[in-house]
Amino acid sequence: MNEEKILCEKCGSEMHEIDKLCTVGMECPNCGWGMVTTSPAISDRRTYNIFLNSNKDSINNIKLISAIANCNYITAKRLIESAPVLIFCGSAIKVKSAKKKLEEANIAYSIKPEFPY
């Protein structure tokens, strides 16, 4: 894939992507100039469901699933043992945050309906 580089209008350095929870855009690492917009996930009114597909029950996974599913550790362990299982449903912006955490922890999951963010 051949990606076109975007250069800073101020200093000419190569811009880097920004993808935070509520903003997307580009930022210059040299001078700090940037351009941002709000994420389309903010205005998405659909409800998304996150399904846990992994049954690895390490302490870190139990803590993370507990936080995402808003349950205690015992319930989180049971959810993991029951995978595949629904662990969260909510707005796109909240699902985007949970998705990032699951990816960082390398935990297998799926989202329904198809999640475009």
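Computed from a prediction, not measured in an experiment: that's the story for all the values here. (Residues numbered from 1 in each chain as written. Predicted model: local features only at pLDDT ≥ 70, side-chain atom pairs only at ≥ 80, totals over all residues. Heavy atoms only, no water.)

**Focus: the pattern of salt bridges**
Rule in force here: Each reported salt bridge corresponds to a side-chain nitrogen of Lys or Arg within 4 Å of a carboxyl oxygen of Asp or Glu. Counting from the N terminus, the helices are the DSSP runs of H or I reaching at least four residues and the strands are the DSSP runs of E reaching at least two.
Tallied over the full model, the rule gives 4 salt bridges. Among the salt bridges present, the one from Arg46 reaches Asp44, with a minimum N-O distance of 3.0 Å. Among the salt bridges present, the one from Asp57 reaches Lys77, with a minimum N-O distance of 2.4 Å. Taken as a pair, Asp57 in the loop between β4 (48-52) and α1 (59-69) and Lys77 in helix α2 (residues 73-81) lie far apart in primary sequence, 20 residues in all.

**What about the packing of aromatic side chains?**
Here is the rule we go by: Ring geometry is summarised as follows: Phe, Tyr and Trp rings, the Trp one being its six-membered ring, pair when their centres sit within 6.5 Å, and such pairs are stacked at plane angles under 30 degrees, edge-to-face over 60 and tilted between the two. Summary of the burial criterion: residues with accessible area below 20% of their type's maximum are buried, those above 50% are exposed, and those between are partly exposed, where the area comes from a 1.4 Å probe applied to protein chains only.
Tallied over the entire structure, the rule returns 2 aromatic pairs. Summarising the aromatic geometry, the rings of Tyr48 and Phe115 are spaced 4.9 Å apart at their centres and angled 85° between planes, so their arrangement reads as edge-to-face. Here Phe115 lies in the segment after β6 (109-112) and Tyr48 lies in strand β4, a separation of 67 residues in the sequence. Classification of Phe115 as buried rests on a relative accessible area of 13%. Where Phe115 meets Tyr117, the ring centres are 5.3 Å apart and the plane angle is 80°; that geometry is what we call edge-to-face.

**Structural notes on α2**
In plain terms, the rule: To be clear, the arc concerns the directions from the helix axis to the C-beta atoms. Any two residues having at least one pair of non-hydrogen atoms within 4.5 Å are treated as being in contact.
Three or more residues of α2 are buried, namely Ala76, Leu79 and Ile80. Seen along its axis, α2 keeps its buried residues to an arc of 100°; they face one direction. Facing away from the buried side of α2 by over 90 degrees, the exposed positions are Ile74 and Arg78. Buried residues along α2 sit in contact with β4, α1 and β5 (85-90).

**Re α1**
Regarding α1, the residues found buried are Asn61, Ile62, Leu64, Ile65, Ser66 and Ile68. Two residues or fewer after α1 comes Asn70, characterised by a positive phi angle close to 55°.

Any functional reading would require information beyond the geometric quantities listed.
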